[in-house]
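# Breakdown of the fold
In case you want the letters, here they are:
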Amino acid sequence: EVAHDGLRGDQTILHVEDDAEVAPCRLVDHGEGRYSLCLDDFRMPRSAIFDERGLQGGGYTWEAIADSLARLRRPELVDGVSYDSEAGMFVALGTRPTLVALAHLLQEAMDDEALLRAAVDAADPDRLE
């Protein structure tokens, strides 16, 4: 049984991918074609822009950045992703291909300060903490 948020009703995790394709995120297979992309606070990179803007840099910050990156660079991903982040963990829900593409966007922003700044600038201020 799949719950409305895309996770299996029994909370089963079938497999966790923790490799370079999605690093520093983890891709969790919940079965039945549903996946979550997770980034916990032990792996979340810090950036000077977070301190400059008074941002926590936690799960909600990265959620706003991920949404902003998708809207800026890959708008076809927007409708295929939902979020369930917390202060200490970023979580995106969707299909494997969609979440791998989102992970690549996050990787690019983590490696490119200008792209990260553009994503923060374009992020919904109500979602950016």
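Everything in this summary refers to the structure shown in the same document. Being a predicted model, the structure only gives us computed values, none of them experimental. (Residues numbered from 1 in each chain as written. Predicted model: local features only at pLDDT ≥ 70, side-chain atom pairs only at ≥ 80, totals over all residues. Heavy atoms only, no water.)

Further remarks concern the packing of aromatic side chains. According to the stated counting rule, one finds 2 aromatic pairs in the structure shown. An angle of 85° between the planes, with centres 5.6 Å apart, marks the rings of Phe50 and Trp62 as edge-to-face. Linking Phe50 in helix 1 (residues 48-53) with Trp62 in helix 2 (residues 59-73), this pair joins segments that are 12 residues apart in sequence. For the pair formed by Phe50 and Trp62, the shared burial category is buried. Look at Tyr83 and Phe90: their rings are 6.1 Å apart centre to centre, the planes differ by 50°, and that puts the pair in the tilted class. Its relative accessible area of 0% is what places Phe90 among the buried residues. (Phe/Tyr/Trp six-rings, centres within 6.5 Å; stacked < 30°, edge-to-face > 60°. Helix = DSSP H or I, 4+ residues; strand = E, 2+ residues; numbered from the N terminus. Buried < 20%, exposed > 50% of the residue type's maximum accessible area, 1.4 Å probe, protein only.)

Another point: the pairing of strand 3 (residues 34-40). Among the 7 residues in strand 3, 6 count as buried, and that is most of the element. The hairpin formed by strand 2 (residues 26-31) and strand 3 contains 2 residues between the paired strands, and Glu32 there has a positive phi angle of roughly 55°. Taken together, the 6 bridges between strand 3 and strand 5 (residues 89-94) define a ladder with antiparallel strand orientation. By the bridge assignment, Cys38 is partnered in strand 5 with Val91. (Pairing = 2+ DSSP bridges.)

The subject of this paragraph is the pattern of salt bridges. Under the criterion given, the structure shown has 11 salt bridges. The partner of Asp40 in a salt bridge is Arg26, and the shortest N-O contact between them spans 2.8 Å. With a gap of 14 residues between them, Asp40 in strand 3 and Arg26 in strand 2 connect regions that are remote in the sequence. Owing to a relative accessible area of 13%, Asp40 belongs among the buried residues under this scheme. A salt bridge links Arg127 to Asp67; the nearest nitrogen and oxygen atoms lie 3.1 Å apart. On the criterion of sequence distance, the pair formed by Arg127 in the segment after helix 4 (113-122) and Asp67 in helix 2 is long-range, its members being 60 residues apart. Several salt bridges converge on common partners, so that one network encompasses Glu63, Asp67, Arg71 and Arg127. (Salt bridge = Lys/Arg side-chain N within 4 Å of Asp/Glu carboxyl O.)

So, on to the packing of helix 2 against helix 3 (residues 96-111). Packing of helix 2 against helix 3 brings their axes to within 10 Å, and their N-to-C directions diverge by 105°. Our classification of the angle between helix 2 and helix 3 gives roughly perpendicular. Contact residues: helix 2 offers Trp62, Ile65, Ala66, Leu69, Ala70 and Arg73, while helix 3 offers Leu102, Leu105, Leu106, Glu108, Ala109 and Met110. Taken together, the residues that form the contact of helix 2 with helix 3 break down as 10 nonpolar, no polar and 2 charged. (Axes fitted to C-alpha atoms, helices over the stretch in contact; angles between N-to-C directions. Parallel < 35°, antiparallel > 145°, perpendicular 65-115°, else oblique. Contact = heavy atoms within 4.5 Å. Nonpolar A, V, L, I, M, F, W, Y, C, P; charged D, E, K, R; others polar.)

Where burial is concerned, most of strand 5 is hidden: 5 out of the 6 residues are buried. Relative to strand 5, strand 4 (residues 82-83) is paired through 2 bridges, and the arrangement is antiparallel. Looking across to strand 5, one finds that Ser82 is bridged to Leu93. Remark: 5 residues form the turn of the hairpin made by strand 4 and strand 5, two consecutive strands paired antiparallel.

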